[in-house]
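Letter by letter, the chains look like this.
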Amino acid sequence: MALIDVRELCFTFGGENLLDRISFQIDLGERIGLLGRNGAGKSTLLKLLAGDLAPDDGVLAVENGTRIARLEQEVPAGRGRSVFAEVAQGLGEPGTLLAEVHERQRGAAGAGGAELERLQSELAAHEGWRLEDQVRQILSRMSLDPDALFDTLSAGRKRRVLLARALVGGPAVLLLDEPTNHLDLGSIAWLEDFLLREGVTLVFVTHDRMFLQRLATRIIEVERGRLFDWTCDYRTFLARREQALEAEARQSELFDKKLAQEEIWIRTGVKARRTRNEGRVRALEQMRRDRAQRRQKLGNVSLLVQEAQRSGTLVAALDKVDVSLGGRRVLEGVSVAISRGEKIGILGPNGAGKTTLIRTLLGELSPDSGTVRLGTNLQVAYFDQLRVQLDESRSAADNVGEGNDTVVVNGKSRHIVGYLSDFLFSRERAQTLVRFLSGGERNRLLLARLFTRPANVLVLDEPTNDLDAETLELLEQLLVDYQGTLLVVSHDREFLNNVVTSTLVLDGQGQVREFAGGYDDWLRQSPPASAATVPPDDRPVRRGDEPVETPRGLENTSSRGRRLTFKEQKELAALPARIELLEREQADWHQKMAQPSFYQQPPQALTEASQRLKDLEAELRQAYTRWEELEQS
């Protein structure tokens with residue numbers, strides 16, 4: 001059944017159509033991966049499907065009753081609200097009312113008994129008990145603390161809250177724009193499993209090729225204003241697209257050859273304009289129009305890193321190093337040695353200390369104890385995932401040239417516009433202020449800036465975010481061929497597999513272990529009893545003020561495959577009955593709160609009832625988590 005039907009749709013921001021008479025359908029249960037070069041129109045198409053933009057021409061028909069939700073690429077500020085309030089916003093106007101009641105009940109919006117009673121009465125008219133139940137159910141399914149402050153959460157937790165807000169209204173179609181950006185490996189694995197388990201119809205844009213391979217049942221590629229539709233997984237799509245591009249190139253070559261022959265014929269003179277040849281002349285004119293309208297495939301980025309004079313054999317070494325930040329031990333007893341030419345991947349939960357490890361290795365951070373040795377003749381170039389090295393008030397050209405019209409690349413002077421064209425910036429785009437550039441353009445700009453600096457040590461912090469597949473492949477090849485030393489922090493599993501020669505894994509408890517190879521090699525080498533002492537569920541653990549999230553593969557596996565003790569067997573047998581009792585009490589409270597007379601009680605009684613519901617939610621979450629732990633043992 002088609003939930004969304006798009007026919008002959010056109011859209012432009014001015015000039016040539018960004019989307020030119022595209023047509024496709026989205027059927028129930030499909031998981032569509034939306035691919036294309038940066039700037040091809042992927043995010044624009046998601047906004048059109050969500051109704052945030054209107055097409056210039058064509059039809060975009062949505063089946064009656066079909067609810068569409070979109071998870072945006074950027075994470076907004078939480079305005080000091082709780083997770084419950086943020087998620088409730090996904091229910092529309094009644095959800096806003098529910099969020100206000102919740103914030104007042106927890107004291108965030110100030111006291112006010114009469115006002116609270118008025119809001120509760122108004123909420124009861126919208127079946128507030130049912131809305132609250134919807135919010136609490138999605139929070140429970142996604143293991144989120146309703147009273148946590150949104151602004152204090154890690155990037156992975158915030159993404160999860162935003163996903164809950166998108167799902168709370170029960171959408172039939174979920175639109176995701178780069179959902180894995182800034183997530184650690186555990187959060188990505190959880191998101192993959194959750195989306196597969198939910199069975200919701202998906203349309204998503206992602207640069208994460210493993211995420212794409214695991215989820216997508218259909219690929220739609222946006223290229224030169226058109227759509228190319230492939231009903232297959234990502235690996236099959238790559239092979240079929242290569243064949244299609246070869247066929248298109250052969251067809252264009254034959255067309256151009258015939259056009260050249262006809263141009264020679266038309267120049268032969270009067271005989272070309274005789275009546276019997278008028279059809280041939282008209283055909284030539286049509287061929288000229290077709291050739292003029294042909295949109296050429298966008299070229300590839302030209303990447304070339306400037307390699308400095310070789311460093312010493314030893315780049316950096318740590319010996320029994322301890323580092324503390326903000327009263328928390330981030331690194332404890334860490335011993336690591338890095339030699340020239342190594343390509344090191346650095347993995348770990350968000351907040352585990354990856355950046356601290358890099359800063360210590362480069363001598364930027366002094367340890368509390370232990371020794372740090374640095375090699376000779378180190379020239380370091382650093383790629384920052386937050387792009388703070390870019391000045392948003394200056395143009396792309398000024399950011400790279402630093403006010404100069406030329407840059408020196410491998411000993412040769414190049415005009416800044418010509419250099420930026422290697423990174424797919426037109427002359428106009430090179431003069432655009434950075435704040436108006438897309439995420440992919442900013443990443444390409446940061447790479448362009450990075451590669452103007454000679455370096456024998458490259459430090460890349462999440463370099464793959466927002467890059468299209470073609471640029472990713474070129475970057476991978478560049479780094480594989482690079483003769484210097486590479487330190488790369490990335491949650492792109494395919495990227496790590498293709499580039500790095502060894503992996504440093506931080507467990508979030510201060511320990512660092514080294515494994516040969518990339519991400520898959522690390523998973524194979526991790527013994528079942530190699531317990532990084534991180535809790536087995538995926539909830540954040542706070543050490544000091546910094547949240548740490550657990551990646552799949554870093555969980556505590558020391559109990560896997562063992563027999564339960566007698567006490568644990570009794571606990572497991574009793575859990576279903578306990579959960580049933582808790583859920584029954586929860587349902588009773590919801591039934592009471594559904595009665596209008598319930599809200600005529602004193603504010604103190606209402607607050608106590610709300611608190612009991614919160615306690616029940618927490619007890620249920622703990623019981624389900626414990627049940628899962630014992631069953632998996």
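Reading guide: rules and limits
Here the residue numbers are simple positions, counted from 1 along each chain's written sequence. Predicted model: local features are reported for residues with pLDDT of at least 70 only, side-chain atom pairs are reported and counted for 80 or more only, and whole-chain, interface and lining totals are derived from all residues. Side-chain calculation: all heavy atoms of the structure are included, whereas hydrogens and water are not. We call Phe, Tyr and Trp rings a pair once their centres come within 6.5 Å, taking the six-membered ring for Trp, and we label the pair stacked below 30 degrees between planes, edge-to-face above 60, and tilted otherwise. By definition, being over a ring means that NZ of Lys or CZ of Arg is both within 6 Å of the ring centre and within 35 degrees of the ring normal. Numbering of helices and strands runs from the N terminus; a helix is a DSSP stretch of H or I covering at least four residues, while a strand is a stretch of E covering at least two. Buried, partly exposed and exposed residues are distinguished by accessible area as a fraction of the type maximum, computed with a 1.4 Å probe on protein chains only: under 20%, between the cut-offs, and over 50%, respectively. By definition in these notes, contact holds between two residues if any of their heavy atoms fall within 4.5 Å. For two strands to count as paired, DSSP must find a minimum of two bridges between them. Here an angle of 0 to 180 degrees is reported between the N-to-C directions of two axes, which are lines fitted to C-alpha atoms, with helices fitted over the stretch in contact. When a carboxyl oxygen of Asp or Glu lies within 4 Å of a side-chain nitrogen of Lys or Arg, that pair is called a salt bridge. The definition of a nonpolar core used throughout is a set of buried Ala, Val, Leu, Ile, Met, Phe, Trp, Tyr and Cys residues joined through side-chain atoms within 4.5 Å. Under this definition, polar contacts are N or O atom pairs within 3.5 Å; protein pairs additionally need one hydrogen-donor-capable and one acceptor-capable atom, and for neighbouring residues in sequence, both atoms have to be side-chain atoms.

Draft legend 1. Summary view of the packing of aromatic side chains. Summed over the entire model, instances satisfying the criterion amount to 5 aromatic pairs. Grouping aromatic residues by their ring pairs yields a cluster made of W230, Y234 and F237. The ring of W190 carries R160 above its face, with NZ or CZ at 3.8 Å from the centroid. Sitting over the ring of F425, R444 keeps its end group 5.1 Å from the ring centre.

Draft legend 2. Structural context of the side chain of T44. Examined against the element boundaries, T44 turns out to sit in helix α1 (residues 42-50). Judged by its relative accessible area of 11%, T44 is buried. Those residues within four positions of T44 in sequence are excluded, and the remaining contacts are F11, F13, L18 and L53.

Draft legend 3. Looking closely at α1. Inspection of α1 places K42, T44, L45, L46, L48 and L49 among the buried residues, and these make up the whole buried set. G51 sits one or two positions beyond α1 and adopts a positive phi of about 85 degrees.

Draft legend 4. Quick look at the side chain of S502. Within the element layout of this structure, S502 appears in strand β19 (residues 502-506). Residue S502 is classed as buried on the basis of its relative accessible area, which comes to 6%. Sequence-distant contacts of S502, defined by excluding residues within four places in its chain, comprise E342, K343, I344, G345, E514, F515, A516 and G517.

Draft legend 5. Just the pairing of strand β3 (residues 31-36), in detail. Of all 6 residues in β3, 6 are buried, a share of seventy percent or more. Neither face of β3 is exposed, since R31, G33 and L35 on one face and I32, L34 and G36 on the opposite face are all buried. Across 3 bridges, the pairing between β3 and strand β7 (residues 201-205) is parallel. Within β7, the position partnered with I32 by the bridge is V203. Pairing analysis gives 5 bridges linking β3 to strand β8 (residues 218-223), with the strands arranged parallel.

Draft legend 6. Summary view of the sheet that holds strand β13 (residues 369-374). Reading across from one edge, β11-β10-β13 is the order of the 3 strands in this open sheet, with antiparallel pairing throughout. Unpaired on one side and paired on the other, β11 (328-339) and β13 mark the two borders of the sheet. Averaged over all pairs of adjacent strands, the angle between strand axes in this sheet comes to 15 degrees, irrespective of strand direction. Packed onto the sheet, helix α11 (residues 354-361) meets β10 (314-325), β11 and β13 and runs at close to 130 degrees relative to β10.

Draft legend 7. Molecular detail of the pattern of salt bridges. Within this structure, the stated rule accounts for 23 salt bridges. Salt-bridge contacts for D229 lead to R218; the nearest nitrogen and oxygen are separated by 2.6 Å. Pair noted here: D229 is in strand β9 (residues 226-230) and R218 is in strand β8, with a separation of 11 residues, a long-range link. On the basis of relative accessible area, D229 is assigned to the partly exposed category, the value being 41%.

Draft legend 8. The arrangement of the nonpolar core in detail. Membership of the largest hydrophobic core comes to 52 residues, with the highest contact counts inside it found for V87, V135, L163, L174 and L195. Examining the composition of this core, we find that 6 residues originate from one element, helix α6 (residues 155-167), more than from any other. Leave out the neighbours within four places in its chain, and L195 touches L174, L176, V200, L202, F211 and L215. A396, V400, A448 and V500 belong to the second-largest nonpolar core, a separate cluster that totals 44 residues.

Draft legend 9. Geometry of the environment of E72. Looking at where E72 falls in the secondary structure, it is placed in the loop between β5 (68-71) and α2 (83-88). Separated by 90 residues in sequence, E72 and L162 have C-alpha atoms that sit 8.6 Å apart. With residues up to four places along the chain from it excluded, the contact list for E72 reads R159 and D177.

Draft legend 10. Just the environment of W230, in detail. Tracing the sequence through the fold places W230 in strand β9. Along the chain, W230 and T217 lie 13 residues apart, while their C-alpha atoms are 9.1 Å from each other. Ignoring anything within four residues of it in the chain, the contact list for W230 reads R218, I219, E221, F237, R240, R241 and A244. Only 3.3 Å separates the side chain of W230 from the backbone oxygen of F228, close enough to count as a polar contact.

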